[in-house]
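Take a look at the letters that make up each chain.
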Amino acid sequence: MDIIKFDVYRGPNIGVYTRVNDSVILLPMGYAQSKADKLAKHLDVECLFMSIANTRLIGSLCVMNNKGILIPKTAYQDEYDFLKNETELEVGVLDSKLSALGNVICTNDKGAVVSPWLSSQDCKNISDVLGVEVIQKKIAGFNQTGAVMIANNSGAAIHPEADEEDMKTFSNLLGVKIEQCSINNGIPYIASGILANNHSIIVGSLTTGPEIMMLTRAFLN
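The rules we used
Residues numbered from 1 in each chain as written. Predicted model: local features only at pLDDT ≥ 70, side-chain atom pairs only at ≥ 80, totals over all residues. Heavy atoms only, no water. Pairing = 2+ DSSP bridges. Helix = DSSP H or I, 4+ residues; strand = E, 2+ residues; numbered from the N terminus. Contact = heavy atoms within 4.5 Å. Axes fitted to C-alpha atoms, helices over the stretch in contact; angles between N-to-C directions. Salt bridge = Lys/Arg side-chain N within 4 Å of Asp/Glu carboxyl O. Buried < 20%, exposed > 50% of the residue type's maximum accessible area, 1.4 Å probe, protein only. Disulfide = S-S within 2.5 Å.

### Some points on the sheet that holds strand 7 (residues 90-94)
Piece 1. As summarised here, the arrangement of the 3 strands in space is 5-6-7, forming an open sheet in which the pairing is mixed. Only two strands of the sheet have a single partner each, and these edge strands are strand 5 (63-64) and strand 7.
Piece 2. Looking at chain direction, strand 5 and strand 6 (residues 68-72) are connected through 2 bridges and run antiparallel. Residue Met64 lies in a different strand from strand 6, and its bridge partner there is Ile69.
Piece 3. Lying on the sheet, helix 4 (residues 77-86) is in contact with strand 6 and strand 7; it crosses strand 7 at an angle near 160 degrees.
Piece 4. Contacting strand 5, strand 6 and strand 7, helix 6 (residues 120-130) runs over the sheet at an angle of about 140 degrees to strand 6.

This is how it looks when you write it as structure tokens:
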């Protein structure tokens, strides 16, 4: 597994616009085919071009693992149909007042850490669609759990001020080691600048050498 620097729309916030699992990468319609092909090769996945809620903010608006994908109720029917037709995933719509699902849910194939803002019914739906155990917990005082932690089935990176006891709880839930880290030269909102599946890790172009070392400890050791 490698850690590779990349950018999207000439910026380092790659996690805002894209979402990946071990089979597909979801990319905004109109994204350059040549760059899409490079990303797909690095991550060993197929490219799918789409929108969610008629926007490019795919990474912020949906959450996905290798079992399922959740999209917000603001998504359009044709976007739901596209995912049903083009992937083998369980596709669910989370009927929540929160639309930026990627910012409030962190998941791998074993567990999900979700925002306390979500309801008990939301948590049940998350568990059913993604096939995971769910816990609700703030991270470093933030309700936006999906923005401040990213996980695959090998490791996880979390906000640099995360509580050690919380990290132990998350580690047991997700079945991986967790390391405190930042991205893109000091940004604590990890998920904004990283794509992680079980083949490779892609980070924003401003990610520093020390940050890559921390990510190496999180995902590769």
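### Looking at the pattern of salt bridges
When their charged atoms lie close together, side chains carrying opposite charge are able to pair.
Piece 1. This model, assessed by the stated rule, comprises 5 salt bridges.
Piece 2. Residue Asp128 pairs with Lys124 through a salt bridge whose shortest N-O separation is 2.9 Å. Of this pair, Asp128 and Lys124 both sit in helix 6, 4 residues apart, which is roughly one turn of that helix.
Piece 3. The exposure class of Lys124 is partly exposed, given its relative accessible area of 46%.
Piece 4. Here Glu165 ties to Lys168 by a salt bridge, and the two come within 3.5 Å at their closest N and O atoms. You can see Glu165 and its partner Lys168 sitting in helix 8 (residues 164-174), 3 residues apart, about one turn around the helix.

### A few points about the state of the cysteines
Piece 1. In the structure shown here, the tally under the stated rule is 0 disulfides.
Piece 2. For Cys106, which is in no disulfide, the shortest distance to another cysteine sulfur is to Cys181 and amounts to 13 Å.
Piece 3. Summary of cysteine pairing: Cys123 is not part of a disulfide, and the nearest cysteine sulfur, belonging to Cys106, is at 14 Å.
Piece 4. By relative accessible area, Cys123 is classed as buried at 10%.

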